[in-house]
Protein chains: 2
Amino acid sequence: MILKNISVDCVIFGFQNNKINVLLWQAEPGLLEKFLTTAQAYEESKVIFEKNPALKSDKFWGLIGTHLPTDEDLDNYAKKILKVSTGLKDIFLKQVQTFGNKNRVPHYRVLTVAYYALINPEYHNLELSSIAKSVKWFEIDKLPDLIFDSKEIVFSALKKLREEVQYHPVGFHLLPEKFTLTQLQTLYEVILDKKLDTRNFRKKIQNMELLIDTNKKQTNVAHRAAKLYKFDVSIYNRLKEEGLNFRI
Amino acid sequence: MILKNISVDCVIFGFQNNKINVLLWQAEPGLLEKFLTTAQAYEESKVIFEKNPALKSDKFWGLIGTHLPTDEDLDNYAKKILKVSTGLKDIFLKQVQTFGNKNRVPHYRVLTVAYYALINPEYHNLELSSIAKSVKWFEIDKLPDLIFDSKEIVFSALKKLREEVQYHPVGFHLLPEKFTLTQLQTLYEVILDKKLDTRNFRKKIQNMELLIDTNKKQTNVAHRAAKLYKFDVSIYNRLKEEGLNFRI
DNA sequence: CCAAAAGTGTTAGACCTACACCCATGA
DNA sequence: TCATGGGTGTAGGTCTAACACTTTTGG
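Residues numbered from 1 in each chain as written. Chains lettered and ligands numbered in written order. Predicted model: local features only at pLDDT ≥ 70, side-chain atom pairs only at ≥ 80, totals over all residues. Heavy atoms only, no water.

*Asks:* Sorry if this is basic, but what is going on with the overall build of chain A here?
*Replies:* In terms of helices and strands, chain A carries eight helices and eight strands. A total of 248 residues make up chain A; the buried ones form 54% of that total. The long-range fraction of contacts in chain A, counting pairs at least 24 apart against all pairs at least 6 apart in sequence, stands at 69%. In the form shown here, chain A has an accessible surface area of approximately 12000 Å², with 47% of it arising from carbon and sulfur atoms. (Helix = DSSP H or I, 4+ residues; strand = E, 2+ residues; numbered from the N terminus. Buried < 20%, exposed > 50% of the residue type's maximum accessible area, 1.4 Å probe, protein only. Contact = heavy atoms within 4.5 Å. Areas by Shrake-Rupley, 256 points an atom, 1.4 Å probe, with all protein chains shown as cover.)

Next comes the structure, spelled out in structure tokens:
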């Protein structure tokens, strides 16, 4: 059984071509089989699809999500959606907000609990293939037409990320395991939409002692190869609790 | 009609006797009439009450809230709950999080969208009288037994407040319109659970230029009377957007 | 040897921390 | 005149902002 009045949607962010990207899908009842494990849940969801032409149109894209099955914990189910749509677990995932205006979805009263996830680019192409026809990355400033109030949800999630990134070390989740300081700086510049001073940025980062030099370097670049860093998990965990000050 | 799977609960914070207080109630179907305007919504809610003995017990207290009627916007309905339970509008109110573990409420699958509100002490006694027998302030560290996972919700809201207060000028909503710097400092000390240095605190606050001297003073105090300040609404609005750094 | 990005240090000003005494008021 | 809390300044250290050139690499 599913809860007809509640959906769980994930705003999945990636960082590619120096842009924030969002993973969207064109949901089809066929795809839902991946999520909804009982035949009944699947049938119930399908009925909802039939009633909303926008859900089936090729013109509209939507956030990855489904209605919440009655036998699933909320946070866990968001994780499950991520796992199925990207093939990944242990992804950074956080509840954004619940959207509940009464006319946000035509024909039904649906509250959407929105989450945002941050995906490491090493995994951007993994597993998407299995449901690839209708799942696609879009640059945040070139979003297609989105169903219902999904655009509002995406920008609320982005706003939340932008806030979060200033006070907690979450941005790192958008980078590969080993990254250069320039990649990190560009990431912050893109999220905060602001140019940063390279020397000051490096000093600030290095004072946090969050980064570990891997003693490796980029290869095959037509310029001086940059050092690769990873981040120190224990200091990361401490900073996550205590907060940090990244107002640069 | 109400949405049986969704409730809206408010964690209402006040600041009294130099403690954070929370407004709780012992809900009775009778009280619900104040919220649920159609007879049908009222009846449906009553049935839910009948099934959960904890809801009716005198031993347990709960957060102020009800199930969400189908014809109410989510955020607006939270405001309405506040209005009815405290008699006040234009209160600071913010969504905290949605709680959705599957067994958090016995017998039903209910997701709770939690909000927190900050109440100015000038209004602490206003209007409570109308439903007074079952609505009461409790100090945060002397909470009674709470139904379901309400205690977890209260502490999540407190954690959110504690974070919020460091980066946005929200704490002021817990003070009367005119307040002294010592009151403000005590408020921050209580929320952050940390002693602050008076001289440094005052310098920091005054540098923000958020406070306006009202040219008034306390009266009838057995010590030097403190100046009364209010805060500057335009600077408040700017800081609310830009954020501030109150990590003291 | 050229193009491209990596990497680096200093200075001036702002802000933060720690710390102790006098002032105004009502009882 | 006493008890109570209100109110203030300074010095040392740390953090921030602004700023330009040299290094390394592959082609």
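From this point, the narrative continues.
*Asks:* Would you mind going over the protein's contact with DNA strand C with me for this structure?
*Replies:* With respect to spatial proximity, 20 residues lie near DNA strand C, and among them T182, K203 and K227 of chain A together with N200 and V221 of chain B are the closest. The side chain of R224 of chain A places a nitrogen or oxygen atom 3.5 Å from a base nitrogen of DNA strand C. In this structure, V221 of chain B approaches DNA strand C through a main-chain N or O atom, which is 3.5 Å from a sugar or linking oxygen. Within the residue set of the surface near DNA strand C, elements represented by two or more residues are α7 (198–208) of chain A together with α7 (198–208) of chain B. Sorting elements by how many residues they give to the surface near DNA strand C places α7 of chain B first, with four residues. (Near = heavy atom within 4 Å. Polar contact = N/O pair within 3.5 Å; in protein donor to acceptor, adjacent residues only side chain to side chain.)

*Asks:* Please explain the packing of helix α5 (residues 150–167) of chain B against helix α6 (residues 181–192) of chain B as it appears in this structure.
*Replies:* When two helices pack together, their arrangement is given by the angle between the helix axes and by the axis-to-axis distance. Residue and element names in this part refer to chain B. For the pair α5 and α6, the least separation of the axes is 9 Å and the interaxial angle reads 135 degrees. Relative to α6, α5 is oriented oblique. As for the relative orientation of α5 and α6, their crossing is left-handed in sense. Between α5 and α6, the residues in contact are L161, R162, V165 and Q166 and Y188, I191 and L192, respectively. Taken together, the residues of the contact of α5 with α6 break down into five nonpolar, one polar and one charged. (Axes fitted to C-alpha atoms, helices over the stretch in contact; angles between N-to-C directions. Parallel < 35°, antiparallel > 145°, perpendicular 65-115°, else oblique. Left-handed = near helix turned anticlockwise from the far one by under 90°. Nonpolar A, V, L, I, M, F, W, Y, C, P; charged D, E, K, R; others polar.)

*Asks:* Is there a simple way to explain the interface of chain A and chain B in this structure?
*Replies:* Many descriptions give the size of an interface as the accessible area lost when the pieces come together. Facing 29 residues of chain A, the contacting portion of chain B comprises 29 residues. Carbon and sulfur atoms make up 47% of the surface buried where chain A meets chain B, a total of about 2300 Å² over both sides. A per-residue breakdown of the area chain A buries against chain B is headed by D73, R109 and Y167 of chain A, which together make up 20% of the total. Our count for the chain A to chain B interface comes out at zero salt bridges. Linking chain A with chain B are 15 residue pairs in polar contact (both at pLDDT 80 or more). Elements represented by at least two residues in the side of chain A that touches chain B include exactly β1 (2–16), β3 (64–69), β4 (92–99), β5 (111–118) and α5 (150–167) of chain A. (Buried area = accessible area lost by both parts, 1.4 Å probe. Salt bridge = Lys/Arg side-chain N within 4 Å of Asp/Glu carboxyl O.)

*Asks:* Looking at this model, I keep getting lost on the relation of the copies chain A and chain B. Mind explaining?
*Replies:* Rotating chain A by 180 degrees and moving it 0.0 Å along the rotation axis overlays it on chain B with an RMSD of 0.0 Å. The operation mapping one copy onto its partner corresponds to a two-fold rotation axis. An overlap of 100% is found between the interface residues of chain A and their copies at the interface of chain B, pointing to a shared contact surface. (Least-squares fit on C-alpha atoms with pLDDT ≥ 70 in both.)

*Asks:* Would you take a moment to explain α5 of chain A for this structure?
*Replies:* Owing to its 3.6 residues per turn, the α-helix aligns residues three or four sequence positions apart on the same side. With 18 residues, α5 of chain A extends 26 Å from end C-alpha to end C-alpha; this agrees with the ideal 26 Å at 1.5 Å per step. Buried residues of α5 of chain A: S150, I153, V154, S156, A157, L158, L161, E164, V165, Q166 and Y167 of chain A, and no others. (Expected span 1.5 Å × (residues − 1).)

*Asks:* Help me understand the domain arrangement of chain A in this model?
*Replies:* Residues and elements named next belong to chain A. Partitioning chain A into domains gives domain 1 (2–164) and domain 2 (172–242). On the domain 2 side, the residues contacting the 14 residues of domain 1 number 14 residues. Put simply, domain 1 and domain 2 have zero salt bridges between them. If you look at where domain 1 meets domain 2, you find three residue pairs in polar contact (both at pLDDT 80 or more). Of all the elements in the fold, those that place two or more residues in the side of domain 1 that touches domain 2 are β1, β2 (19–25) and α5. Looking at the side of domain 1 that touches domain 2 element by element, the count peaks at three residues for β1. (Domains from an automatic or database assignment.)

*Asks:* What exactly am I supposed to notice about the protein's contact with DNA strand D here?
*Replies:* What surrounds DNA strand D is a group of 21 residues, the closest being V221 and R224 of chain A together with K203, H223 and K227 of chain B. The sugar-phosphate backbone supplies 43% of the atoms of DNA strand D found within 4 Å of the protein. Separating a base nitrogen of DNA strand D from a side-chain N or O atom of R199 of chain A is a distance of 3.3 Å. Within the contact set of DNA strand D, a base oxygen lies 3.3 Å away from a backbone nitrogen or oxygen of H223 of chain A. Listed by contribution, the elements that provide at least two residues to the surface near DNA strand D are α7 of chain A together with α7 of chain B.

*Asks:* Before we go on, may I ask you to explain the pairing of strand β1 (residues 2–16) of chain B in this structure?
*Replies:* As a general feature of sheets, a regular strand has side chains that alternate between the two faces. All names here are of chain B. The buried count for β1 comes to 14 of 15 residues, which makes it a mostly enclosed element. Here six bridges tie β1 to strand β3 (residues 64–69), and the two strands are oriented antiparallel to one another. Bridging across to β3, D9 finds its partner in G65. Here β1 pairs with strand β5 (residues 111–118) via eight bridges, running parallel. Bridge assignment links S7 to a residue of β5, and that residue is T112. Examined bridge by bridge, β1 and strand β2 (residues 19–25) share five bridges and lie antiparallel to one another. Looking at the pairing, F15 lines up with I20 of β2. (Pairing = 2+ DSSP bridges.)

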